[in-house]
Amino acid sequence: MILFFDQLQKAEGHLFILKAPDDDVESLRLNKSNFFIKHFMKGNFGSPIEKLLMTGSQVKVLDVGCGTGNWILEMAKSYPHVKFYGIDISPIFPTESLPANVHFLKCNILDGLPFEDDAFDFVHQRLLSAAFTQNQWENEVINELLRLVKPGGWVELLRPDGEIRTEGEVTRRVINAGSGLLFSRGIDYRIIKKLGRIMKNTLRFQPIDHQEFEIPLGNRGDVWGKVALEFVMEESRGVRGFLASFMNITLEHLDALLETMEREADEMKTHYIFHRFCGQKKQRS
């Protein structure tokens, strides 16, 4: 789940948790992300696991930070014999009328997840790079994902790199302010660029497969480009109170900047870069 917030709070003894002010708003935004990511990346995953998913009921998949559960529900429909598990710190996933092969749990990866070692064939995580500090990625998150995946299984991470390319002057100002806001709270929004190195440094993955995808924002990307731009703008508007304070401007001034930012996407042919890292856990010696 990418965390969309109007308030910052400490939770469960961990660093700042970015909490959704309106689950309905956040749910809609997360579902939009699932649609345009699938479109531009031509599928729901990049790891070479299609044959594995077709093999039957012994296969287990975990989605860490599952949000609304949209990715899991779609995958569960495509692969009805696979068991899917989703976890999130915010329980905005469905709890009733679930397919028999779908299970959701409210929990925090920083507390350790309630599964045995080597429990999953595929561990999937997307849009979570702004949820953890670099230290947490290096010493807790990646290690927990490795603990959970079987030897020979795959871990897949997906996230935009925190920068918008061919951007206008106002867009650059707003994005830099957003990155500065998170950095002031110990979070590097551009951490995705370092995740391949962090995975490699564990010495427990086969060579990491790194893929980049260009996501056009606005009319240049047809309907899905418009959806992607809405996703970006809603993320910015979701933090408007904190962002205006950090920039030392009024909310009205910020709103005017965001309107200009939205226009600049078409004028400048702006685009996002998404990064996907796929790593196969080494077999035990």
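Quick note: structure is the one above.
Residues numbered from 1 in each chain as written. Predicted model: local features only at pLDDT ≥ 70, side-chain atom pairs only at ≥ 80, totals over all residues. Heavy atoms only, no water.

A.B. asks: Pulling in residues and values, what's your account of the nonpolar core?
C.D. replies: Core analysis: the biggest nonpolar cluster contains 36 residues, and Phe36, Met261 and Phe274 have the highest contact counts within it. For this core, the element with the highest residue contribution is helix 7 (residues 222-238), accounting for six residues. Excluding residues that lie within four positions of it along the chain, Phe274 makes contacts with Phe36, Ile37, Met41, Leu127, Leu158, Arg159, Pro160, Gln211, Glu212, Phe213 and Ile215. In this structure, Cys107, Phe120, Val123 and Leu157 belong to the second largest nonpolar core, which totals 31 residues. (Core = buried A, V, L, I, M, F, W, Y, C linked by side-chain atoms within 4.5 Å. Buried < 20%, exposed > 50% of the residue type's maximum accessible area, 1.4 Å probe, protein only. Helix = DSSP H or I, 4+ residues; strand = E, 2+ residues; numbered from the N terminus. Contact = heavy atoms within 4.5 Å.)

A.B. asks: I'd like a description of the environment of Phe183, backed by residues and values.
C.D. replies: If you trace the backbone, Phe183 turns up in helix 5 (residues 169-183). Between the C-alpha atoms of Phe183 and Leu243, which are 60 residues apart in sequence, the distance is 12 Å.

A.B. asks: Any details on unusual backbone geometry? Residues and values, ideally.
C.D. replies: With phi around 60°, Leu127 is a residue other than glycine that occupies positive phi space. Following the sequence through the fold, Leu127 ends up in the loop between strand 6 (120-126) and helix 4 (134-148). For Leu127, a relative accessible area of 4% translates into the label buried. Unlike most non-glycine residues, Leu203 shows phi in positive territory, near 65°. Among the structural elements, Leu203 can be located in the loop between helix 6 (192-201) and strand 8 (209-216). Residue classification places Leu203 among the exposed positions, given a relative accessible area of 65%.

A.B. asks: Just give me the short version of helix 5, but keep the residues and values in it.
C.D. replies: With 15 residues, helix 5 ought to run about 21 Å at 1.5 Å a step, and its terminal C-alpha atoms sit 21 Å apart, in line with that. Buried within helix 5 are the following residues: Val170, Thr171, Val174, Ile175, Ala177, Gly178, Ser179, Leu181 and Leu182. (Expected span 1.5 Å × (residues − 1).)

A.B. asks: Quick rundown of the pattern of salt bridges? Include the residues and the values.
C.D. replies: Within this structure, the stated rule accounts for 12 salt bridges. Taking the shortest distance from any N to any O, the salt bridge between Asp161 and Arg165 comes out at 2.3 Å. Using a relative accessible area of 0% as the deciding quantity, one classes Asp161 as buried. A salt bridge links Glu167 to Arg172, with the nearest nitrogen and oxygen atoms 3.1 Å apart. For Glu167, a relative accessible area of 18% corresponds to the buried category. Put simply, Asp117, Glu144 and Arg147 are held in one network by salt bridges that share partners. (Salt bridge = Lys/Arg side-chain N within 4 Å of Asp/Glu carboxyl O.)

A.B. asks: Just give me the short version of the packing of helix 5 against helix 8 (residues 240-247), but keep the residues and values in it.
C.D. replies: The N-to-C vectors of helix 5 and helix 8 enclose an angle of 95°; their axes lie 10 Å apart at closest approach. As far as their axial angle goes, helix 8 and helix 5 are roughly perpendicular. Here Arg173, Val174, Ala177, Gly178, Gly180 and Leu181 of helix 5 lie close against helix 8, whose contacting residues are Phe242, Leu243, Phe246 and Met247. Across the contact of helix 5 with helix 8, the residue classes tally to seven nonpolar, two polar and one charged. (Axes fitted to C-alpha atoms, helices over the stretch in contact; angles between N-to-C directions. Parallel < 35°, antiparallel > 145°, perpendicular 65-115°, else oblique. Nonpolar A, V, L, I, M, F, W, Y, C, P; charged D, E, K, R; others polar.)

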